[in-house]
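What follows is the residue order along each chain.
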Amino acid sequence: MFDWDDARVFAEAARSGTLGRASDRLGMDAATVGRRVARLETALKATLVVRDRSGLRLTAAGSQFLKSIEAAERALTEGEQAVRPDTVSGTVRISASEGFGTAILAPALPRLLREGRGIRIELAANSGFLSPSSREVDLAVTLSQLDAARLVAAPLTDYQLALYAHPDYLAAHGTPLTIADLNSHVMTGYVEDLIYAPELNYLGEVSSGLHAQLASSSIRAQQEIIGSGGAIGVLPCFMADGLVRILPQVLLQRRFWLSIHHDLADTARIRTVTRWIKALCEDQSQRLTPF
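Described below are features of the structure shown in this document.

Basis of the calculations
Residues numbered from 1 in each chain as written. Predicted model: local features only at pLDDT ≥ 70, side-chain atom pairs only at ≥ 80, totals over all residues. Heavy atoms only, no water. Helix = DSSP H or I, 4+ residues; strand = E, 2+ residues; numbered from the N terminus. Buried < 20%, exposed > 50% of the residue type's maximum accessible area, 1.4 Å probe, protein only. Contact = heavy atoms within 4.5 Å. Lys, Arg positive; Asp, Glu negative; His and termini not counted. Charge placed at Lys NZ, Arg CZ, Asp CG, Glu CD. Polar contact = N/O pair within 3.5 Å; in protein donor to acceptor, adjacent residues only side chain to side chain. Expected span 1.5 Å × (residues − 1). Core = buried A, V, L, I, M, F, W, Y, C linked by side-chain atoms within 4.5 Å.

Moving on: the overall build of the protein. A count of helices and strands for the protein gives 10 helices and 10 strands. Projecting the C-alpha coordinates of the protein onto the three principal axes gives extents of approximately 75 × 40 × 30 Å. The buried share of the protein, taken over its 291 residues, is 47%. At a minimum sequence separation of 6, the contacts of the protein that also span at least 24 residues come to 75%. For the protein, the distance from the average position of its 30 positive side-chain charges to the average position of its 32 negative side-chain charges is 6 Å.

Within the secondary structure, E98 sits in helix α5 (residues 98–115). Of the residues examined, E98 reaches a relative accessible area of 14% and is grouped as buried. For the pair E98 and D29, spaced 69 residues apart in sequence, the C-alpha to C-alpha distance is 29 Å. Of note is the side chain of E98, whose polar atom sits 2.9 Å from the backbone nitrogen of I219.

Turning to the environment of V191, a few remarks are in order. Looking at the element boundaries, V191 is found in the loop between β7 (187–189) and α7 (202–206). Measuring from C-alpha to C-alpha, the distance between V191 and N201 comes to 9.6 Å, with 10 residues separating the pair along the chain. Excluding anything up to four places from it in sequence, V191 contacts A215, S216 and S217.

Another point: helix α9 (residues 268–283). Helix length check: α9 (16 residues) gives 22 Å between terminal C-alpha atoms against 22 Å at 1.5 Å per residue, within 8%. Looking only at α9, the buried set comprises A268, I270, T272, V273, T274, W276, I277, L280 and C281.

Turning our attention to the nonpolar core. Within the largest apolar cluster, 58 residues are counted, with the highest numbers of intra-cluster contacts made by F100, L139, L163 and I277. The contact partners of F100, leaving out residues within four places of it in the chain, are L105, V141, L156, F238, F256 and C281. Within the second largest apolar cluster, 18 residues are counted, among which are A7, F10, L26 and V37.

Structural data, given as structure tokens:
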């Protein structure tokens, strides 16, 4: 018989992809995680993972064993819910687009912590997103609807984007009066071959021939470029404090989507966080869709 706790460590390592990330989530050092996985392999007389430069890769046996362990975890979770359906405490990992995560979610998270009755939040707010379908996160706020099996996905909120510049930039270079005038100004936007979602092709939607002289894969970096007076660019309206909106005929509409793994959707902690995020978007509606 193998040690169930070793199986739990293996499952976290497999989902995390590296011993280091697994050690952070488990609260133990990476060497211990490696030893526990090796002990499990010895007990099972099977190789479950192989290590390469990118981290951990599951073998066929490892993939099958992970499915069995996750099924057992779900059964245990369902049993606990049957006895304690209102338990709210626990960790909730959220993946959110960089702008929404840093400008909308992050400033409000302390309030959730005060109201959450033991909930712990892990926020991954960066370019791209982590997948709830592969259990990298518990829920995700994305730029488009995720199409994956066993996901519960629904619209979260609309938001708007517009062209912005800093007053110092406009004082130095003048205010463009037409979209064509933008070709004679310094523009910032995404690195074109690093755009991971079509919804991020802002400049292409403003004008098909418009390109960024100062490009970044990070919307926060673009915000800093604009805020320093270095360029004009498209920003979500909720990230434009202190900036001047130009060319009001340019107004882009987008939508955030909320996705949750089907197995987690009815857990008390996920319901609590989901309700809170929806209420937050309602509270922030004037920032999200001001025009």
